[in-house]
Amino acid sequence: MRLISLNTIALIFILVSCDTASNVEPIFNDYFTKYYGEDGEQTGVDLVRNADGSMVLLGNSFSQSDPISPFLVKTDALGNVIWQQEFTTADETAVDISLINGGAALAVLTNVQRTTSNIRLYIVSQDGSLVDSLTLINSKNQIGKSVAQSSDNGFLITGYKAPNPDRNPDLPPPDQADILLLKVDNAMNEVSDLSPGGGEHLGSGTNAFEIEINSLIYYLVFGYSDRPRKETTDYQMCFQLIASNTDGVPTGLHEFSENEPLEEQVASSTLKIPPALGDGYLVVGTTTSPSSSDLYLTRFSKPLNPNGATKSLDRKIPLGKRIEGIAAANASPDGYFIVANEVRENNKKDIFLLRVERDGTVTWTTTFGSLDGEDIAGGIEALPDGRIALVGTIQLETQRKMALIVTNGNGGFSD
């Protein structure tokens, strides 16, 4: 296990750039760390990889004089900027980006904080121009976490919303938040609330996916809540999978992760596993108890009927340190790359990267971060040539910056 100081790497990169091409071979072309942003501070939230090797990074920009606003950067395969732009809005936080229309465009999801929190969806072309946008105005708080395109070219948005007491008439207080699922039509004119029924004090979706079973379309919502399992009345936070039809009517599929007494699990993201790597969904998050904070993974099989799914992995991954699970990518030929936060003794964080086999066995781990700063993990992508790309936030001496970290398949910077 090793801690790699990215300040040092950045310094080496600056020094090498002063040499001419005739006396030194290019380095850091394959493995590198690069920072993005100009005035103010920028944080890294997520990234997507295009078929041509280019990447689009999503984050947020802010300063003492300017409120937070979304920030987009498109780079080539070597991390060089193709274009970048900051949205000219205020008090708006970017949370997710996904490829749509076969990769021809991007869907960007943000939360706009006014009197209440409302969700905004942008469609952005690959050249950085704005194609369309929609603000989902609601009189009560709605907070988006992810967006995915549906087969009819609409959009599935999940997250959480202010609770509806009518859906939870027998729930002991406090009633804090319900899982949210919204469907936006392909013209971005109509929004349908397909949220699963309440029953929890606190819950949130992390990702929603469409699935076809027997020629019918269903929606799978992955997330977490303290809704009790059918056989208990204990309100204990755990990962959950809920299925509904396209009208939002539950199918009866409602699966839970397992946890010990006094342990609570909060999901951060859900990875779709392609058929070539086993088919299914991996939920990534954190399980906490009074004495620990550990990575937790649950893998659900692809449902073969609307009422059932099985779990092939459901376990805590103890690593001897305080860990917050953030996101995952499929690792060929099997297993997963996981990016997380390592919480140090001073409660500041480093970016923590590991590879986990399908059965939950940890193959290797590594840590990135500035020596004294607060460094936060964002998104992760496995590149076709075996490299790993991470986006996150690195705290330099005076500012926080969006960082793109590209490593080899073992989390290192050299062959």
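This is a predicted model, so every value here is computed, not measured.

Student: What am I meant to see in the environment of Val362 here?
Tutor: Relative to the elements of secondary structure, Val362 occurs in strand β26 (residues 362-369). Residues Val362 and Ile317 lie 45 residues apart in sequence; the distance between their C-alpha atoms is 8.1 Å. If sequence neighbours within four positions are ignored, Val362 has contacts with Ile317, Leu319, Leu354, Arg355 and Val356.

Student: Can you help me understand the side chain of Arg344 in this one?
Tutor: Summarising the element assignment, Arg344 is placed in the loop between β24 (336-343) and β25 (349-356). In terms of polar contacts, Arg344 uses its side chain to reach the backbone carbonyl oxygen of Lys349, at 3.2 Å. At 2.8 Å, the side chain of Arg344 and the side chain of Asp350 are in polar contact. If sequence neighbours within four positions are ignored, Arg344 has contacts with Arg322, Lys349, Asp350, Leu371, Asp372 and Gly373.

Student: Would you mind going over the nonpolar core with me for this structure?
Tutor: When a protein is soluble and globular, its nonpolar side chains tend to lie buried together. Counting residues in hydrophobic clusters, the biggest one holds 19 residues, and the most contacted among them are Val339, Ile351, Leu353, Phe368, Ile380, Ile388 and Leu390. Elements that contribute at least two residues to this core include exactly β23 (322-330), β24, β25, β26, β27 (376-382), β28 (388-395) and β29 (400-407).

Student: Explain the sheet that holds β27 to me, please; I cannot follow it from the model alone.
Tutor: Paired through backbone hydrogen bonds, the strands of a sheet run either parallel or antiparallel to each other. Read from one edge of the open sheet, 4 strands run β2-β29-β28-β27, paired in antiparallel fashion. In this open sheet, the two edge strands, each paired with only one partner strand, are β2 (32-36) and β27. For this sheet the average axis-to-axis angle between neighbouring strands, irrespective of direction, equals 20 degrees.

Student: Help me understand the pattern of salt bridges, please; the structure alone is not making it clear to me.
Tutor: A side chain with one charge may pair with a side chain of the opposite charge, provided their charged atoms come close. This structure, assessed with the given rule, holds 14 salt bridges. Here Glu324 makes a salt bridge to Lys349, at a shortest N to O gap of 3.0 Å. You can see Glu324 sitting in strand β23 and its partner Lys349 sitting in strand β25, a full 25 residues away along the chain. Given a relative accessible area of 23%, Glu324 falls into the partly exposed group. Under the relative-accessibility criterion, Lys349 is labelled buried at 19%. Put simply, Asp350 and Arg344 hold a salt bridge, and the shortest N to O gap is 2.8 Å.

Student: Help me understand the sheet that holds strand β21 (residues 292-300), please; the structure alone is not making it clear to me.
Tutor: Strands sit in the order β19-β20-β21-β22 across an open sheet of 4 strands; the sheet is antiparallel. Strands at the two margins of the open sheet, each flanked by one partner only, are β19 (264-273) and β22 (311-317). The sheet shows a mean angle of 15 degrees between the axes of neighbouring strands, direction not considered. Pairing of strand β20 (residues 280-289) with β21, which is carried by 9 bridges, proceeds in the antiparallel orientation. Bridging from a neighbouring strand, Ser289 pairs with Ser292 of β21.

Student: Looking at this structure, I do not really get the environment of Ile338. What am I missing?
Tutor: Looking at the secondary structure, you find Ile338 in strand β24. With 43 residues separating them along the chain, Ile338 and Leu295 place their C-alpha atoms 9.5 Å apart. If we ignore the near neighbours within four places in the chain, the residues touching Ile338 are Leu282, Val284, Leu295, Leu297, Ala327, Ala328, Phe352, Leu353, Leu354, Val356 and Ile380.

Student: Help me understand the environment of Asn346, please; the structure alone is not making it clear to me.
Tutor: Relative to the assigned elements, Asn346 resides in the loop between β24 and β25. The spacing of Asn346 and Asp372 is 26 residues in sequence and 9.7 Å in space, taken between C-alpha atoms. One polar contact links the side chain of Asn346 to the main-chain amide nitrogen of Lys348, over a distance of 3.0 Å.

Student: Could you clarify how one ought to interpret the packing of aromatic side chains in this entry?
Tutor: Geometry of an aromatic ring pair is reported as the spacing of the ring centres plus the angle between the planes. Overall, the coordinates contain 8 aromatic pairs when judged by the stated rule. Seen in terms of ring centroids, Phe368 and Phe413 are 5.9 Å apart; in terms of plane orientation they differ by 80 degrees. Their pairing is edge-to-face. One end of the pair, Phe368, is in strand β26; the other, Phe413, is in the segment after β29, and 45 residues separate them in sequence. Like Phe413, Phe368 is buried. Cluster of aromatic residues (ring-pair linked, three or more members): Phe209, Phe222, Tyr281 and Phe300.

Student: When you look at a negative patch on the surface in this model, what are you seeing that I'm missing?
Tutor: Taken together, the side chains of Glu38, Asp39, Asp66 and Glu86 present a region of like negative charge at the surface. Mapped onto the fold, Glu86 is located in strand β6 (residues 81-86). Take Glu86: its relative accessible area is 40%, and that puts it in the partly exposed class.

Student: How should I be thinking about the pairing of β6 in this particular structure?
Tutor: Regular strands place their side chains on alternate faces of the sheet. Where strand β5 (residues 69-75) meets β6, 5 bridges bridge the pair, whose relative direction is antiparallel. Paired with Val73 across the bridge in β6 is Gln84. The loop that links β5 with its antiparallel partner β6 comprises 5 residues; one of these, Gly79, has a positive phi angle of about 85 degrees.

About the thresholds
Residues numbered from 1 in each chain as written. Predicted model: local features only at pLDDT ≥ 70, side-chain atom pairs only at ≥ 80, totals over all residues. Heavy atoms only, no water. Helix = DSSP H or I, 4+ residues; strand = E, 2+ residues; numbered from the N terminus. Contact = heavy atoms within 4.5 Å. Polar contact = N/O pair within 3.5 Å; in protein donor to acceptor, adjacent residues only side chain to side chain. Core = buried A, V, L, I, M, F, W, Y, C linked by side-chain atoms within 4.5 Å. Buried < 20%, exposed > 50% of the residue type's maximum accessible area, 1.4 Å probe, protein only. Pairing = 2+ DSSP bridges. Axes fitted to C-alpha atoms, helices over the stretch in contact; angles between N-to-C directions. Salt bridge = Lys/Arg side-chain N within 4 Å of Asp/Glu carboxyl O. Phe/Tyr/Trp six-rings, centres within 6.5 Å; stacked < 30°, edge-to-face > 60°. Patch = residues over 30% accessible without salt bridge, like charges linked within 9 Å, V, L, I, M, F, W, Y side chains within 5 Å. Areas by Shrake-Rupley, 256 points an atom, 1.4 Å probe, with all protein chains shown as cover. Lys, Arg positive; Asp, Glu negative; His and termini not counted. Charge placed at Lys NZ, Arg CZ, Asp CG, Glu CD.

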